[in-house]
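One-letter residues, chain by chain:
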Amino acid sequence: MPEDTSDNDRAVQAADDETNDGRGGASEPRPDGGTVAGEELPVSDVEEDDHGHGMPDTSSLKRWLVTTNHKDVGILYTVTAMFFLLFGGVLALLMRLQLWTPRAPGAGPLSAAAYNQAVSLHGLLMVFWFLSPFAFGFANYIVPLQIGAKDLAFPRLNALSYWFYLASGILVGVSFFQAGAFPGGWTMYAPLNIPTYTPGVGATTSVLGLVLFTASVTIGGVNFITTMHRMRAEGLTMRRLPLFSWSILLTVWMMLFAFAALLAALIILSSDRILGTTYFAAQSAGGSLLWAHLFWFFGHPEVYIVFFPALGAMAEIFQTFTGRRIVGRKWFIGAMLLVAIQSFVVWMHHMFLTSINLQIKTLFMATTIGISLPFDLMVFALIYTLIKGRIRFTTPFLYAFGALFLFIIGGITGVFLGAVVLDYEFRGTYWVVAHFHYVMVGGVTALIGALYYWFPKMTGKMYDEFLGKVSFALYFIGFNLLYFPMFVAWETPRRVFSYDAAFAPWHKLATIGAFILGFSFLLTVYTIGKAIFAGEEADDNPWAYSTTAEWAVPSPPPLENFPGIPSYGDGKLSFRPESAADGGEAAADGGQAAPDGGDVATTGHDDDHVSHASIWPFVTGVAALFAFFGLSGIQSGELIGGIWGMVHLGSLVFGGVLGLGAMVAMGLEEFHGPTGPFGESWPFSETSNLKTGMWVFLASDVVLFGAFIGSYVFIRVAFPGGWTAWEPIPHRSLPGLINTYLLLTSSFSVVLALVAAERNSTRGVVASMLVTLLLGIGFLVNKGIEWFELFHEGIWLSTNIRASTFFLTTGLHAAHVIVGLIIATYMIVRASRGAYLDDDGPLEFFGLYWHFVDIVWLFLFPLFYIL
């Protein structure tokens, strides 16, 4: 398309932004990726320097087991996610073979039970173990490069999030061999998710795999939020942030809150299956509706959690291959921000067929229509960018353009489902299946484009452009051949393989499309595999017009990313020497510049270089795998019998001991993470990485406890007879009152520890923390006595819904207290050796956590003991 030359077009472009977006300044980009300003260092002179970091050679297995470097972790995420894509894809092809004709149960390649498992696990694997992790493979690799950071704020936590992710996926795979995986649909609707209807051990293992996955997401979210708010290069303000980084930032904020709600739902479900609580079995108290609320409060933001990284990649690809920035960039970012906020107020449109009254349904129909408006703005911005630019039809561009086309179809067909009356007709049919895949797999299309786009940067190799374009052609044809016929055969009921024979031709067409689509993925894998082993060497900036910071360094980038300290101080990317005197430099004496936020930072270490290797995240991941596998052997409070019961018990004990040891070892390990001061840190300029990370984690924990408290209130209101008919458990308020005084006093003693540290009193710190420890133990002992008395009265977790809500909610709080006491014990040992006098930061961070635990109890005490 011709470039714009009119005055009006130039005015529109100038009005896009007064600032650039981290793309190398407002001047014409340089094809060689070089950037100049001040004292820059030549990019070509950069060489990888392990600098004594203990990083093995890239070809060794040990390298991938001990690495904490964000680029390595990004590659691990990408490769593992593609494995789960193949896993889920095989299940999808088996489903399509079963749907070739409207077979009777038991006919065809799958039995009725196997089909249910395939449908359920296909959905779970694709939504959880492929879509988001695939995007975060790119996020791990690219975002630190785009924002000018050496690594993520907490490198070991980044590695730990990956190993938890891998362990959770292995658990789901193992579930197939435990009398069958979860067969109740990927949404896990109650009451199908309780042992009465899905009693298999494999179903419990699948649920526990999801719990571990949400833990991985929470760790990763805290890490990314801290990094992107605290570690941007000098001059890289939020307004200048590249669009892909913007999309990731908004995504991780959504993940932080949405996955906390899902974690609450999964903990409750795990408790129903393992401990015998009765949350979702309590149909008279709205158990099924409670699961739907919790799940869809997560589930609808998840749509945007999946699509936002694809949208950011699409924007970067369009900018590169049209030769101009996104039209209306500020409005584009504003629209993404609006969608991120609105995504939490539309969940109930998935529940139009429930007993919720019509007024509430109408309200959520309006919010659903409202969230489509910002998306319209973003779509028009992308289209107008194509019209005003000069397009180069490369493989990444074709995938990005195809994603835009598919998403438009998905969005239009989704409007039908947003209307209450039409949703009554379409819900539970193949219209929903087709719409869902046009939206979600539309995002996958853009991410495949991102794979081709960043492949040269990640590997230093160029792929075969012809094979890439052929893979896109097959992908686009196969995708539409697979899913568009579902709109025509929309009356087919979803999740079943028995349908009207009149729809058989459309299902045969869809099955053919599925195999074409599957072949396109195999061709993509072949193309990139061939390029890795036999591809031509890639230039630092092979696309010429790619001007974000990752293209200003070699392909692949060196270990610590940049040849100096990145700066956007004059609007252009440049690199200042590490010994620069202002902002972001290491301390003059070679020690750390500030106690500001890596995993551990030790005075005297050369802070110009951070550590990149630790075995303990991997060991902790292995421990979690064994512990959760062992836990799955407990059903309704009883360990399964026979030899397998002993295997599960041994696995649980081994995993627990190994995990505790690994976490202690990680705490004692000398590890040097990135330390400040950094460049741009708004809005956390006056804090540190660790403090920011603690605040972000506590924000997630607020949602977790909010979901538990909300569940209690929901069930109590829905209880037969309402709020007043509920007989509180426990019967006496005195134990709760005593525990309230114990926790409030313990919070005061933490404050005294901080005062003692400021006065350089080791004895004061130790004594104050010891008082906190003893008061916390007193809280647990008093709680244990109270529980023991209730047990002797015949009241336990499984007695009734009233008992379930009390024991599980207060038990979750007690678990937080136990974690706090373990940390306090560790800190007392360190304090006795003189720690925390020069740096009382860890005491402050522990205080934040402990005060939060106490504040939560101030809500639980009146709720369970007084009201």
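My aim in this report is to walk through the structure given alongside it, one point at a time. (Residues numbered from 1 in each chain as written. Predicted model: local features only at pLDDT ≥ 70, side-chain atom pairs only at ≥ 80, totals over all residues. Heavy atoms only, no water.)

## Structural notes on the overall build of the protein chain
- Across its full length, the protein chain carries 22 helices and six strands.
- For the protein chain, the proportion of its 867 residues judged to be buried stands at 60%.
- Contacts in the protein chain between residues far apart in sequence, at least 24 positions, make up 83% of those at least 6 positions apart.
- As displayed, the protein chain has an accessible area near 32,200 Å², and 69% of this comes from carbon and sulfur atoms. (Helix = DSSP H or I, 4+ residues; strand = E, 2+ residues; numbered from the N terminus. Buried < 20%, exposed > 50% of the residue type's maximum accessible area, 1.4 Å probe, protein only. Contact = heavy atoms within 4.5 Å. Areas by Shrake-Rupley, 256 points an atom, 1.4 Å probe, with all protein chains shown as cover.)

## Description of the pattern of salt bridges
- All chains considered together, the criterion is met by nine salt bridges.
- A salt bridge links glutamate 844 to lysine 691; the shortest N-O distance between them is 2.6 Å. With glutamate 844 in helix H22 (residues 841–865) and lysine 691 in helix H18 (residues 689–718), this residue pair connects regions lying 153 residues apart in the sequence.
- Assessed through its relative accessible area of 28%, glutamate 844 is described here as partly exposed.
- Taking the shortest distance from any N to any O, the salt bridge between arginine 732 and glutamate 789 comes out at 3.2 Å. (Salt bridge = Lys/Arg side-chain N within 4 Å of Asp/Glu carboxyl O.)

## Regarding the packing of helix H4 (residues 112–147) against helix H6 (residues 201–230)
- Where H4 contacts H6, the two axes come as close as 12 Å, and the packing angle between them is 20 degrees. Between H4 and H6, the angle is such that the two are roughly parallel. At the point where H4 passes H6, the crossing takes the left-handed sense. Two secondary-structure elements touch here, H4 through Leu124, Phe128, Trp129, Pro133, Phe136, Ala139, Asn140, Val143 and Ile147 and H6 through Gly209, Leu210, Phe213, Phe224, Thr227 and Met228. (Axes fitted to C-alpha atoms, helices over the stretch in contact; angles between N-to-C directions. Parallel < 35°, antiparallel > 145°, perpendicular 65-115°, else oblique. Left-handed = near helix turned anticlockwise from the far one by under 90°.)

## Notes on empty space enclosed by the protein
- Inspection of every chain in the model, using the stated rule, returns three cavities of 30 Å³ or more.
- In this structure, the largest cavity occupies an estimated 160 Å³ of space.
- For the largest cavity, the lining is made up of 16 residues, of which Tyr77, Phe136, Ser216, Val217 and Met255 are closest to its centre.
- At the level of elements, H4, helix H5 (155–175), H6 and helix H7 (243–274) are the ones that each hand at least two residues to the lining of the largest cavity.
- Top element by residues in the lining of the largest cavity is H6. It accounts for six residues.
- Along the lines of polarity and charge, the residues of the lining of the largest cavity split into nine nonpolar, seven polar and no charged. (1 Å grid on protein atoms, 1.4 Å probe; cavity = no way out; pocket = protein on both sides within 12 Å on 5 of 7 lines; lining within 4 Å. Points joined across faces, edges and corners; volume = space filled by probe spheres on them. Nonpolar A, V, L, I, M, F, W, Y, C, P; charged D, E, K, R; others polar.)

## Describing the packing of helix H20 (residues 762–792) against helix H21 (residues 801–831)
- Where H20 contacts H21, the axes come no closer than 9 Å and their chain directions differ by 155 degrees. In terms of axis orientation, H20 runs roughly antiparallel to H21. Both H20 and H21 take part in a crossing whose hand is left-handed.
- In terms of residue class, the contact of H20 with H21 is built from 20 nonpolar, seven polar and two charged.

## Some thoughts on the packing of aromatic side chains
- Taken as a whole and assessed by the stated rule, the structure comprises 81 aromatic pairs.
- With a centroid separation of 5.8 Å and 75 degrees between ring planes, the pair formed by phenylalanine 295 and phenylalanine 298 is classed as edge-to-face. A residue pair is termed a helical-turn pair when its members lie 3 or 4 positions apart in one helix, as phenylalanine 295 and phenylalanine 298 do in helix H8 (residues 287–322) at three residues.
- With relative accessibility at 2%, the residue phenylalanine 295 sits in the buried group.
- The ring of tryptophan 723 has arginine 716 sitting right over it, with the charged end atom 3.9 Å from the ring centre. (Phe/Tyr/Trp six-rings, centres within 6.5 Å; stacked < 30°, edge-to-face > 60°. Lys NZ or Arg CZ within 6 Å of the ring centre and 35° of its normal.)

## Some thoughts on a nonpolar patch on the surface
- A grouping of Leu639, Ile643, Trp644, Met646, Val647, Leu649, Val653 and Val657 is seen on the molecular surface, where their side chains present a nonpolar patch of about 790 Å² in accessible area.
- Looking at which element gives the most residues to the nonpolar patch, the answer is helix H17 (residues 642–668), with seven residues.
- Using a relative accessible area of 64% as the deciding quantity, one classes isoleucine 643 as exposed. (Patch = residues over 30% accessible without salt bridge, like charges linked within 9 Å, V, L, I, M, F, W, Y side chains within 5 Å.)

## Quick word on the nonpolar core
- One finds Phe128, Trp129, Phe332 and Trp454 to be the most contacted residues of the largest nonpolar core, which totals 256 residues.
- Counting residues per element, this core draws most heavily on H4, at 22 residues. (Core = buried A, V, L, I, M, F, W, Y, C linked by side-chain atoms within 4.5 Å.)

## Here's the deal with the side chain of asparagine 480
- With respect to the secondary-structure elements, asparagine 480 resides in helix H14 (residues 465–488).
- Classification of asparagine 480 by relative accessible area gives buried; the value is 17%.

## Side note on the environment of phenylalanine 519
- The topology assignment puts phenylalanine 519 in helix H15 (residues 504–534).
- Separated by 45 residues in sequence, phenylalanine 519 and leucine 474 place their C-alpha atoms 7.7 Å apart.

## Concerning unusual backbone geometry
- With omega at -10 degrees, the peptide bond leading from serine 555 into proline 556 counts as cis.
- Of note, proline 556 is situated in the loop between strand S2 (536–537) and strand S3 (565–567).
- In this structure, arginine 495 takes a positive phi of about 70 degrees despite not being glycine.
- Checked against the element boundaries, arginine 495 lands in the loop between H14 and H15.
- For arginine 495, a relative accessible area of 28% puts it in the partly exposed group.
- Within the chain, asparagine 760 stands out as a residue other than glycine whose phi angle is a positive 60 degrees.

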